[in-house]
Amino acid sequence: MVVRYRLHTEHLAPSLVARYFAGFTLVRTQGYYGGKAESSVIIEIIGTEDDASKVQTLARDIREQYRQTEVWITSEEITLTRVTIDATLEGLA
């Protein structure tokens, strides 16, 4: 099963994420809490259900290193289709 994990945090942490995952996406966003805007970051990782414990460890590391109250994790099963150089579609399950 292919899973998209998203960690919702306040800090960019590329070197920390790279300790656990070779590929990931960082998206700077603006969130709101208590009616006030705040900068936030979504770390997106495409992996498998076997990666769940690494994602949880990463979230704990980010929370501790940056002294955050919490880091949120979302996950969902996805269908991943890769378009290769010869334009064939390869579904990954």
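Refer to the structure above for everything that follows.
The structure presented is a predicted model; accordingly, all values stated were derived computationally and were not measured. (Residues numbered from 1 in each chain as written. Predicted model: local features only at pLDDT ≥ 70, side-chain atom pairs only at ≥ 80, totals over all residues. Heavy atoms only, no water.)

All right, on to the sheet that holds strand β1 (residues 2–9) then. Strand order in this open sheet of four strands is β2-β3-β1-β4, and the pairing throughout is antiparallel. Of all the strands in the sheet, just β2 (25–33) and β4 (72–78) have a single pairing partner and so form its edges. Within the sheet, the average angular offset between the axes of one strand and its neighbour, ignoring direction, is 25°. Of the strand pairs in this sheet, β1 and β4 are connected by seven bridges, and their pairing is antiparallel. When the bridges of β4 are listed, Val-3 appears paired with Glu-77. (Pairing = 2+ DSSP bridges. Helix = DSSP H or I, 4+ residues; strand = E, 2+ residues; numbered from the N terminus. Axes fitted to C-alpha atoms, helices over the stretch in contact; angles between N-to-C directions.)

A few words on the side chain of Thr-9. When you line up the elements, Thr-9 lands in strand β1. Residue Thr-9 is classed as buried on the basis of its relative accessible area of 4%. Of note is the side chain of Thr-9, whose polar atom sits 2.6 Å from the side chain of Gln-68. Those residues in contact with Thr-9 that sit more than four places away from it in its chain are Ser-40, Val-41, Ile-43, Ile-62, Gln-68 and Val-71. (Buried < 20%, exposed > 50% of the residue type's maximum accessible area, 1.4 Å probe, protein only. Polar contact = N/O pair within 3.5 Å; in protein donor to acceptor, adjacent residues only side chain to side chain. Contact = heavy atoms within 4.5 Å.)

Attention now goes to the nonpolar core. In this structure, Leu-7, Ile-43, Ile-45, Leu-58 and Ile-62 are the most contacted members of the largest nonpolar core, which totals 15 residues. Elements that contribute at least two residues to this core include exactly β1, α1 (14–18), β3 (36–48) and α2 (52–65). It is α2 that contributes the most residues to this core, four residues altogether. Leave out the neighbours within four places in its chain, and Ile-62 touches Leu-7, Thr-9, Ala-13, Leu-16, Ile-43, Arg-67, Gln-68 and Val-71. (Core = buried A, V, L, I, M, F, W, Y, C linked by side-chain atoms within 4.5 Å.)

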